[in-house]
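Now for the letters of each chain:
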Number of protein chains: 2
Amino acid sequence: MPEHLSGQTGRYAADLPAVQEAATRIQPFARVTPVLTCGHLNQLAGRQLYFKCEMFQRVGAFKFRGACNAVMKLNDDVAARGVVTHSSGNHGQALALAAKLRGINAHIIMPRTAPRVKKDAVAGYGGTVHFCEPTLKARQTMTSEIVVSTGAELIPPYDHPDIIAGQGTIALEFLEQATSLDALVVPVGGGGMLSGIAIAAKALNPSIRIFAAEPKGADDVARSMASGQLVEQHDAKTIADGLLTNLCDATWAIIRDHVEAVVTVSEQQIVDSMRLVFGRMKVVVEPSGAVALAAVTSDDFRGMSGMDRVGVVLSGGNVDLDRLPWT
Amino acid sequence: MPEHLSGQTGRYAADLPAVQEAATRIQPFARVTPVLTCGHLNQLAGRQLYFKCEMFQRVGAFKFRGACNAVMKLNDDVAARGVVTHSSGNHGQALALAAKLRGINAHIIMPRTAPRVKKDAVAGYGGTVHFCEPTLKARQTMTSEIVVSTGAELIPPYDHPDIIAGQGTIALEFLEQATSLDALVVPVGGGGMLSGIAIAAKALNPSIRIFAAEPKGADDVARSMASGQLVEQHDAKTIADGLLTNLCDATWAIIRDHVEAVVTVSEQQIVDSMRLVFGRMKVVVEPSGAVALAAVTSDDFRGMSGMDRVGVVLSGGNVDLDRLPWT
């Protein structure tokens, strides 16, 4: 990301002061989500776990934090022209709600193949849905057209300093709610949440250990960390549909320098973890949201020493209740 | 219930001091469950709702409160002989866990037709499961046999002053967590929770209005209130399997004198409400647990005036995730 876009003077797209400012900015709108514990899951993990429950965030996922920060930070002239993004997932809903709360338009571009429930969700938050052909080119063309015709500000799902800073507010809450955490385990897709949390948590507590949790079927971050450079993946396949995307330069730079390791998990581990969250914690979690639990209950992670108290981010709960993956 | 069993000098099986003592007694063991809100459900109900989330209680349901109070209150000599109950539901699990925490035996009698998962749940909490034929007579016979052979104390699911007082602790927490509530809506089966909450809430705030929520297929409380005397029902049929039981004299006396009205709901309303809790609140609720939401979103309740802030008890979350009723 070019320096002039980052709004930061440091070497990364976001830093602790930016995250703290984001927390102040979104405080009137976002929820402080609860941290839950579960004795049964502690036993499975072999350590004390603390779960940050972002399914209780507005729109049912952490994405509202970043979208809200980005929308509320716009100056009035820019905001008046509205915002635009392409997303058939939680970011689209989050941006629609944030725009509604600011009283401006949100244009959400999604492929015409997206399920009707996704369109309805965005429309329910007051966003305008634009359908395009389900190709990258069609999406980019339509985004450009809307930017040109409306002057709306593009707010991408993670490649944006204000999004990264907004997602980082999770760390500020989490480290206050669950004290003396030795490590945090965070799911990674585009890396907005992981990088925001990592930059904030490490600034607050340099000895805290940060781990990424990633599906084996979309393991570009594991391969990037192994090779030391950003690896792109175009054949990602996983039930965790929020984690299909690649990192960008802004998130990669932070992750490369702050994340100790990536724990990859199988599809079966993801489904099993999802069911455990439903059955034992009595909380609804989406597949992407259960990936960090799958990581901490894996043999790889259980074998690591020196961590008694581990924070796990359950990132969202927007799942198709008619097609739960174990039924 | 005979006066000598009630442990109370008043006219009811429990009173506010008994509930307050129960709260102190269970405090080291039970969770203070969170109160959640949901904008979408407020819209459906036409008023501000506060949800007391008892699926986050230990064993996944409010039943732990009463069982814990009853077990911890036993004197050491009695406790040493263990406890016994008949239940294939949440009370059995709750009694097993409470006994385990006290370091005593729990004998849980259930019909041999009960699903294996129910047996495993009780065994998982350290209880001893005894199977009997699925008839009332077989159950009573086996209960008597175990009482005689072991000297264990019978702790029934609701017809017991310490159970009623324990369930009443919900009201103490709820009225502190959500201030200025105009009404409480509570599901009713045997009436232990409803009577405990009613006696405590009315003592703390005489102007608070108490409503019962009941499935139309098990509407013995609605008919009891209509006729002014305890009506028994032996053909109850509802998906809300925690609400099939009849009131007893102890719970009926409190309900008759403290509950304003019973709101009955259809099976479809229960299933729809359950799905709303999963989908909108991101919380797992069992059918019995969703009955109070079904009540407050019914036309009957929406039509009542003078209530801006209503507390709704979501009583538990132990549902078969392989057979969710909408799939």
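Residues numbered from 1 in each chain as written. Chains lettered and ligands numbered in written order. Predicted model: local features only at pLDDT ≥ 70, side-chain atom pairs only at ≥ 80, totals over all residues. Heavy atoms only, no water.

Brief notes about the overall build of chain A
And step 1. What chain A contains, in helices and strands, is 15 helices and 10 strands.
And step 2. For a compact globule of 327 residues, the expected C-alpha radius of gyration is about 20 Å, and chain A comes in at 18 Å, within 12% of that figure.
And step 3. Judged by the C-alpha coordinates and their principal axes, chain A covers about 55 × 45 × 40 Å.
And step 4. Here chain A holds 327 residues, and the buried ones make up 57% of them.
And step 5. Within chain A, contacts between residues at least 6 apart in sequence are counted, and of these 72% link residues at least 24 apart.
And step 6. Per element, the accessible surface of chain A, about 12,900 Å² overall, is 49% carbon and sulfur.
And step 7. Placing the 30 positive and 32 negative side-chain charges of chain A at their respective mean positions leaves the two points 5 Å apart. (Helix = DSSP H or I, 4+ residues; strand = E, 2+ residues; numbered from the N terminus. Rg over C-alpha atoms; globule rule 2.2 N^0.38 Å. Buried < 20%, exposed > 50% of the residue type's maximum accessible area, 1.4 Å probe, protein only. Contact = heavy atoms within 4.5 Å. Areas by Shrake-Rupley, 256 points an atom, 1.4 Å probe, with all protein chains shown as cover. Lys, Arg positive; Asp, Glu negative; His and termini not counted. Charge placed at Lys NZ, Arg CZ, Asp CG, Glu CD.)

Digging into the interface of chain A and chain B
Reports often express the size of an interface as the amount of accessible area lost when the parts come together.
And step 1. Listed as interface residues are 20 residues of chain A and, on the opposing side, 20 residues of chain B.
And step 2. Summing both sides of the interface, chain A and chain B together bury roughly 1,700 Å²; the carbon and sulfur share of this comes to 58%.
And step 3. Its largest share of buried area at the contact with chain B, chain A owes to Phe56, Lys282 and Leu321 of chain A, together 38% of the area lost on that side.
And step 4. Our enumeration of links across chain A and chain B arrives at 2 salt bridges.
And step 5. A salt bridge links arginine 275 of chain A to aspartate 322 of chain B, with the shortest nitrogen-to-oxygen separation between them at 2.7 Å.
And step 6. Here the residues of the side of chain A that touches chain B sort into 10 nonpolar, 6 polar and 4 charged. (Buried area = accessible area lost by both parts, 1.4 Å probe. Salt bridge = Lys/Arg side-chain N within 4 Å of Asp/Glu carboxyl O. Nonpolar A, V, L, I, M, F, W, Y, C, P; charged D, E, K, R; others polar.)

As for the relation of the copies chain A and chain B
And step 1. Expressed as a screw operation, the relation of chain A to chain B combines 0.0 Å of axial shift with a rotation of 180°, fitting to an RMSD of 0.0 Å. Classification of the inter-copy transformation places it as that of a two-fold axis. For chain A, the residue whose C-alpha comes nearest the rotation axis is valine 283 of chain A, separated from it by 2.3 Å.
And step 2. Of the residues that chain A buries at the interface, 100% are likewise interface residues in chain B, meaning the two copies contact each other through the same surface. (Least-squares fit on C-alpha atoms with pLDDT ≥ 70 in both.)

Things to note about the nonpolar core
And step 1. With 84 residues, the main nonpolar core has Phe278 of chain A together with Phe278 of chain B as its most contacted residues.
And step 2. If sequence neighbours within four positions are ignored, phenylalanine 278 of chain B has contacts with Phe278, Val284 and Leu321 of chain A together with Val283, Val284, Val285, Val319, Leu324 and Trp326 of chain B. (Core = buried A, V, L, I, M, F, W, Y, C linked by side-chain atoms within 4.5 Å.)

Quick word on the sheet that holds strand β4 (residues 106-111) of chain B
And step 1. The strand order across the open sheet formed by 4 strands is β5-β4-β3-β6 (chain B), and the pairing between neighbours is parallel. Across the chains shown, the open sheet's two edge strands, defined by having one partner strand only, are β5 (128-132) and β6 (153-154) of chain B. (Pairing = 2+ DSSP bridges.)

A look at the domain arrangement of chain A
All names here are of chain A.
And step 1. Each assigned domain of chain A is listed with its residue range as follows: domain 1 (3-63 + 160-323) and domain 2 (82-148).
And step 2. Between domain 1 and domain 2, the C-alpha centre-to-centre distance is 24 Å.
And step 3. At the junction of domain 1 with domain 2, the criterion picks out 0 salt bridges.
And step 4. At the boundary of domain 1 and domain 2, one finds 2 residue pairs in polar contact (both at pLDDT 80 or more).
And step 5. Across the side of domain 1 that touches domain 2, the residue classes tally to 4 nonpolar, 1 polar and 3 charged. (Domains from an automatic or database assignment. Polar contact = N/O pair within 3.5 Å; in protein donor to acceptor, adjacent residues only side chain to side chain.)

Details of unusual backbone geometry
Residue and element names in this part refer to chain A.
And step 1. A positive phi angle, close to 55°, is found at serine 180, a residue other than glycine.
And step 2. Structurally, serine 180 is set in the loop between α9 (161-177) and β7 (183-187).
And step 3. Looking at serine 180, the relative accessible area reads 56%, which means it is exposed.
And step 4. One non-glycine residue, lysine 282, lies in positive phi territory at about 60°.
And step 5. As for its position among the elements, lysine 282 is in the loop between α13 (267-281) and α14 (291-296).

Observations concerning the state of the cysteines
Residues and elements named next belong to chain A.
And step 1. In this structure the tally under the stated criterion is 0 disulfides over all chains.
And step 2. No disulfide involves cysteine 38; its sulfur sits 11 Å from the nearest other cysteine sulfur, which is in cysteine 53.
And step 3. For cysteine 38, a relative accessible area of 6% translates into the label buried. (Disulfide = S-S within 2.5 Å.)

Considering the sheet that holds strand β6 (residues 153-154) of chain A
All names here are of chain A.
And step 1. The parallel open sheet is built from 4 strands, whose spatial order is β5-β4-β3-β6. Strand pairing shows two members of the sheet lacking a second neighbour, β5 (128-132) and β6, which therefore form its edges.
And step 2. Sheet topology note: the strand β4 (residues 106-111)/β5 ladder contains 5 bridges and is parallel. Note that in β5 the partner of proline 111 across the bridge is cysteine 132.

Examining the pattern of salt bridges
All names here are of chain A.
And step 1. Throughout the structure, instances matching the rule amount to 26 salt bridges over all chains.
And step 2. Across the pair arginine 65 and glutamate 173 runs a salt bridge, and its minimum N-O distance is 2.9 Å. Of the two residues, arginine 65 is situated in helix α4 (residues 63-73) and glutamate 173 in helix α9; the sequence distance between them amounts to 108 residues. Pair check on accessibility: arginine 65 and glutamate 173 agree, each one buried.

Here we look at the pairing of β7 of chain A
Residue and element names in this part refer to chain A.
And step 1. In terms of residue burial, β7 counts as a mostly covered element, since 5 of its 5 residues are buried.
And step 2. Covered by surrounding structure in β7 are Ala183, Val185 and Pro187 together with Leu184 and Val186, the residues of both alternating faces.
And step 3. Relative to strand β8 (residues 209-215), β7 runs parallel, the two being bridged by 5 bridges. Following the sheet pairing, proline 187 is matched in β8 by alanine 213.
And step 4. In this region the chain leaves β7, passes through helix α10 (residues 192-204) and returns to the parallel neighbour β8; the handedness of that crossover is right-handed.
And step 5. Relative to strand β10 (residues 309-314), β7 runs parallel, the two being bridged by 3 bridges. (Right-handed = clockwise from strand over helix to strand, strands pointing away.)

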